[in-house]
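# Tertiary structure, described
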Protein chains: 2
Amino acid sequence: MPDSLPAHSVGITEPQQMQFEEPLELACGRVLPHYELTVETYGELNRTASNAVLICHALSGNHHAAGYHSPDDRKPGWWDAYIGPGKPIDTNRFFVVCPNNLGGCHGSTGPCSINPDTGQPWGRDFPPLRARDWVHSQARLAAKLGIGQWAAVIGGSLGGMNAMRWALEYPDRLRHCVVIASALKLSAQNIAFNEIARRAIKSDPDFCEGDYLARGKIPRQGLALARMIGHVTYLSDELMGTRFGRELRRGTFERGRDTPIEFQVESYLRYQGDSFSDHFDANTYLLMTKILDYFDLAREYGDDPVAAFRHALCKFLVVSFSSDWRFSPVRSEEIVNALVGANREVAYAAIDSEFGHDAFLLPNHRYESVFRAYMNKVAAEADQLARAE
Amino acid sequence: MPDSLPAHSVGITEPQQMQFEEPLELACGRVLPHYELTVETYGELNRTASNAVLICHALSGNHHAAGYHSPDDRKPGWWDAYIGPGKPIDTNRFFVVCPNNLGGCHGSTGPCSINPDTGQPWGRDFPPLRARDWVHSQARLAAKLGIGQWAAVIGGSLGGMNAMRWALEYPDRLRHCVVIASALKLSAQNIAFNEIARRAIKSDPDFCEGDYLARGKIPRQGLALARMIGHVTYLSDELMGTRFGRELRRGTFERGRDTPIEFQVESYLRYQGDSFSDHFDANTYLLMTKILDYFDLAREYGDDPVAAFRHALCKFLVVSFSSDWRFSPVRSEEIVNALVGANREVAYAAIDSEFGHDAFLLPNHRYESVFRAYMNKVAAEADQLARAE
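Our subject in this report is the structure included herewith.

Procedures and definitions
Residues numbered from 1 in each chain as written. Chains lettered and ligands numbered in written order. Predicted model: local features only at pLDDT ≥ 70, side-chain atom pairs only at ≥ 80, totals over all residues. Buried ≥ 20, exposed ≤ 12 C-beta atoms within 10 Å, placed from the backbone. Helix = DSSP H or I, 4+ residues; strand = E, 2+ residues; numbered from the N terminus. Pairing = 2+ DSSP bridges. Right-handed = clockwise from strand over helix to strand, strands pointing away. Least-squares fit on C-alpha atoms with pLDDT ≥ 70 in both. Contact = placed C-beta atoms within 7 Å. Axes fitted to C-alpha atoms, helices over the stretch in contact; angles between N-to-C directions.

All names here are of chain A. In terms of burial, strand β10 (residues 176-180) is a largely internal element, five of the five residues being buried. Across four bridges, the pairing between strand β9 (residues 152-156) and β10 is parallel. Looking at the pairing, Val 153 lines up with Cys 177 of β10. Regarding topology, helix α2 (residues 158-169) serves as the crossover connection from β9 to the parallel β10, and that connection is right-handed.

With an axial shift of 0.0 Å and an RMSD of 0.0 Å, the rotation relating chain B to chain A amounts to 180 degrees. In the structure described here, the two chain copies are related by an operation that fits a two-fold rotation axis. Both copies present the same face, since 100% of the interface residues in chain B are matched by interface residues at the equivalent positions in chain A.

Our next topic: unusual backbone geometry. As a rule of thumb, non-glycine residues mostly have phi less than zero, and peptide bonds are mostly trans rather than cis. Residue and element names in this part refer to chain B. For Ala 49, which is not glycine, the phi dihedral falls at a positive 55 degrees. On the secondary structure map, Ala 49 appears in the loop between β4 (35-42) and β5 (52-56). The phi dihedral of Asn 343 falls on the positive side, at around 65 degrees, and the residue is not glycine. Looking at the element boundaries, Asn 343 is found in the loop between α9 (329-341) and β14 (346-351).

Turning to the sheet that holds β9 of chain A, a few remarks are in order. Residue and element names in this part refer to chain A. The eight strands lie next to each other as β1-β4-β8-β5-β9-β10-β13-β14, forming an open sheet whose pairing is mixed. Of all strands in the sheet, those bounded by a partner on one side alone are β1 (16-20) and β14 (346-351). Direction aside, the axes of adjacent strands within the sheet are offset by 20 degrees on average. Judged from the three bridges that link them, strand β5 (residues 52-56) and strand β8 (residues 95-99) form a sheet pairing that is parallel. When the bridges of β8 are listed, Ala 52 appears paired with Phe 95. Relative to the sheet, helix α9 (residues 329-341) contacts β10, β13 (315-321) and β14, its axis offset from that of β13 by approximately 160 degrees.

Here you go:
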């Protein structure tokens, strides 16, 4: 954390560990007898619980969306640019709830947790999940917090898929759904990149067919490679050109067999990969990318997204970023078109940005303005509901 | 090979092994005391040697560009669609020369060859190469074949870089330069994908820090991953969508922990990766991708491509493909603009194709027409020169 608390920060935050003892039936047919979620909340729930907002994190995210865990923290939570007092998701007005997803590796029940049947970490035996499993686990979280209806469910990327699934699974339990840089389903190219990342993890000998925890190993190389693959696809070609160009980090261009020569982009990627492998679990990465791959909003509605969205009751904000080629604006437009076709109220903002898929996490004036204006309306509605009661 | 020889095939071809005993000074400052090139040729050299065409192969290519090696061959050479009697590179009119590049793993001197100093395979000790080293080795090949001036030097992708370097290194030894789906230099994103592929190879324990041959191992997993990464980037998102969609290869969508479930695109990629690792050398892959990364046509000309092309004397055909995002049409337009700026004669064809970077290898009516028309002119010129002498 900087020496003094930055303005508009939620400050020091503390995750809570929440227990859910009722068995959860999963989409795969298996049952989790009980589970835990690690959750951060910011702001205060109002008297009528009309101001609660659910934040759904993306592939490599977690419950720590805003603020700092300690005064020594160098970086705030992953969405600190957009969550805090006076920010678009204004913690002076909203009660913000961000859980680590089921299957995650930051405290919630997942492959690193102990399997009660064996007394060993679940590892590769953790049940496969679908986005709807997250929704059901989050619905119980809402109940436990006394939230009958979310003012909004908000997510970017995989989190946007989670948010859309909310709108179909519990249509009357959210008033707004904010879907940022997401898609109705992945393209074959996206699935291909995920498959390569998974293969990188699985072919690391330290993966031990998923039993690395029990054997005291970590498939670091595989995880680092998986992250590098992901990372390249989250940045735009233009941005990489601007940021790294073809600058050499050291060494000369032409000569020298013995001086290692590399481009800046190479050392940057290596750093990203290596630091990721220090704090992310390989089985969780496999699990999460499979949830991405299998997400298909309209599948059970005859493959018709319009038919799917006819089940939704909330209003929608959809946001895309011009240089995002992993979840391109075309994918967001498919969501918007389906919502329009289903006669649902939708606002759409196509934001110019050079930051690729990562743009949804980064400061951007126009994105912030649109997001703030929309959330102001959501907050005003929440206030009105509180007064009406 | 099909039961009967297909029409317009060059038929059964046989590679030749050619020895070059004069030392070759390399761009890195080291010297290869002697080297071999494996070469295929198709058609006949005319009396005045005015009809010779050099084919420069791409990253994973080799000398076998057309025809079949035996009646049992299932597939012809990699550019059989464009080389043969009556095809754009018409073997009734041209003498076509296609060497396996220096550093390759299909017969030419490279990391799999024996290092005369040690009696062991070169492996990781093989000198790093630049595209100009290929040009110099190919110039000696031309001399040995009695070819004073190529009618055309032709290449796609990395082969296009090789061809452009020819135009600058030996301006008076080629009349035409055909540059297909190529670039003046790679983008940072391209370098990043190559770096990930290299890391995949190097982190395979069977890589043995490059000494796998001496230890009787092959880094199959790493090579397969490297190829999968490359392959995804050579195909377009649209094409992958059309070809694979999200079709499942087996298993059910929703349920079943024990039935392995996968998308068709996954098994396709695995097949591509695994079969590549059976017939390509890992050190060669590292070497070739470094040549790609370091290629920068204009670097020694004050980073000014116009200044660079002022040294060229030949005429150019440049071709790009609309869905190629690894070497996008913008990159080809940079080549064209620099040629125009340098007052060089250039024809440019931007071809509509859904096949991504791989389009340069595949049948396409418009591409074939443009290519054929251009090569007809080149052949007519060669005939004229033969008559004039």
